[in-house]
Every structure is written in C-alpha cells, then in structure tokens.
Amino acid sequence: MRRRQRRRRGPSGPAQITATLSIPFVGEISGTWVPVDAERSAAWELYLELVTRVSVEELDRDEGFLREALSSLYTFFGTTREILRRYGPDIAPPLAPGHVSFGVLAVTVLNRVLRPLLASWHPRLTAYESRRPADVDPVAYERSWEHADALRSEIAAVRQTLVSLARTLQEVAGVSDLIDLPAPRSPGLGRGLGHPPRRSEPS
C-alpha cells in the first residue's frame, strides 16, 4: 500500500497590503507592500521570533523584569539582521515611491526603534546593576531604580511598534494570530454544562 505524502505548504498570503508602522517619538512609516515569496518566508520567520519573545508581551508595573526585556530586544536585533542577511537582496528590492518591503520595515525597526532604546538604556541599566549589594534581590533592586518607570514606558512604546510589525508580518505570511491566543481553561471549568455523560446499559 502506497503511503500518501503530505504536500508541503508553500508561502501564501495577500498579493498586496498597506503597511503602517508608528515610530516612537519620531512619526510613522507607511506604504504599499507587494511581497514576493522570499519576503513571505522571511515574514513568517520574523513573526515567529516576535510572538515567542517578551518583546510583544505587556510589562506591568509589578511584574516582569526590565533586564529580561532589554536582553530579549537585543537578541531580536541580532536575529533580524541574520534573517536579512540570509534572504539577501530579494527581500529589499528597489522600490517605487510610496512602497515598502520586508527590508525597509525590518531595518527601520532596527535603526529607528530598537537601536536608540538599547544604546540609551542598556549601559545605564548595566551601570545600576553593577552597584547591587550581594544580599539584595535583583528584582527588588531593579524596581527601586529611579529610572525604572521611564524605561518601562519606553519599552511599552517600542512594544506597540513591534506588535504592529508582527500584525503586518502575520498578514503577509498568511498565518493565524499567534499573539492573542485564547487563555487555557482551568481544570474542571465548564463541568456540568451540556449533556450529561451517557450511562452504560446493564449487560
């Protein structure tokens, strides 16, 4: 009996979209994106990186760790450059006015969004961390930093851009929403609803 091979799903997605990204404290970039297959594949890879990092998760005042958020953004910077390098010129073609590409959006986010945040805050947080007494909890020490709220606000602004980028990449890649996933149901939730289990007949 011949085993049927599962066909591998190739890149899919819309032929054209309008992409808009807000750049914190700068403005916005927008344009028409007509993606080629290489851009759709690159969009999926970068989308996956975004949705599996703390960079698209809200960082509430009493939870989260600023150092973890900065480290995640730093490694995301490197991963994005690697994707750009691997796919090459196909994802950054010459463009007509009013058009954008994967390359344009990715490099804009790196140079206009992530680089300013990391260049300003990474050394400042590192300097503060270096003064932590050995007997003080790192999380408590970080939250007592006088600049913690300011950094948290800037990370929140950057997060909005990254979420917007993720939504754009999701649309181009033609994949489902992996950001706002439904919360898992608690064990036992919903018991007693619907039809009761069928009782077995006596033999």
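Scroll up for the structure.
Residues numbered from 1 in each chain as written. Predicted model: local features only at pLDDT ≥ 70, side-chain atom pairs only at ≥ 80, totals over all residues. Heavy atoms only, no water.

I keep staring at the environment of Glu 171 and nothing clicks. Help me out?
With respect to the element layout, Glu 171 can be found in helix H5 (residues 148-173). When neighbours within four sequence positions are excluded, Glu 171 is seen to be in contact with Gly 13, Pro 14 and Ile 17. (Helix = DSSP H or I, 4+ residues; strand = E, 2+ residues; numbered from the N terminus. Contact = heavy atoms within 4.5 Å.)

Help me understand the sheet that holds strand E3 (residues 99-100) in this model?
The strands making up a sheet associate through hydrogen bonds between their backbones, and the pairing can be parallel or antiparallel. Spatially, the 3 strands line up as an open sheet ordered E1-E2-E3, and their pairing is mixed. In the strand order of this sheet, the two ends are held by strand E1 (17-23) and E3, each with one partner. Across 2 bridges, strand E2 (residues 27-33) lies against E3 in parallel orientation. Looking at E3, one finds that Trp 33 is bridged to Val 100. Along the sheet face, helix H3 (residues 102-129) touches E1, E2 and E3 and points at about 5 degrees away from the line of E1. (Pairing = 2+ DSSP bridges. Axes fitted to C-alpha atoms, helices over the stretch in contact; angles between N-to-C directions.)

Is there a simple way to think about the pattern of salt bridges in this case?
Think of it this way: side chains of opposite charge can pair up when their charged atoms draw near. Taken as a whole, this structure holds 8 salt bridges when the rule is applied. Across the salt bridge formed by Arg 67 and Glu 129, the nearest N and O atoms sit 2.8 Å from each other. Separated by 62 residues along the polypeptide, Arg 67 in helix H2 (residues 66-87) and Glu 129 in helix H3 bring together distant segments of the chain. Relative accessible area serves as the criterion here: at 14%, Arg 67 is assigned to the buried category. Of the residues examined, Glu 129 reaches a relative accessible area of 27% and is grouped as partly exposed. Glu 82 is paired through a salt bridge with Arg 86; the nearest N and O atoms lie 3.9 Å apart. Separated by 4 residues within a single helix, Glu 82 and Arg 86 lie in helix H2, roughly one turn from each other. Classification of Glu 82 by relative accessible area gives partly exposed; the value is 36%. (Salt bridge = Lys/Arg side-chain N within 4 Å of Asp/Glu carboxyl O. Buried < 20%, exposed > 50% of the residue type's maximum accessible area, 1.4 Å probe, protein only.)

Looking at this structure, how should I read helix H1 (residues 37-51)?
Look at H1: 21 Å from first C-alpha to last across 15 residues, which is about the 21 Å you get at 1.5 Å a residue. For H1, the set of buried residues is Ala 38, Glu 39, Arg 40, Ala 42, Ala 43, Leu 46, Tyr 47, Leu 50 and Val 51. Summarising the contacts, the buried residues of H1 are in contact with E2, H2, H3 and H5. (Expected span 1.5 Å × (residues − 1).)

Even after reading the chapter, I still don't get the pairing of E2, so can you show me in this structure?
Bridge count for E1 against E2 is 7 bridges, and the pairing is antiparallel. In the strand pairing of E2, Ser 22 is matched with Glu 28. Hairpin remark: E1 followed by E2, antiparallel, with 3 residues in the connecting loop; positive phi at Phe 25, about 65 degrees.

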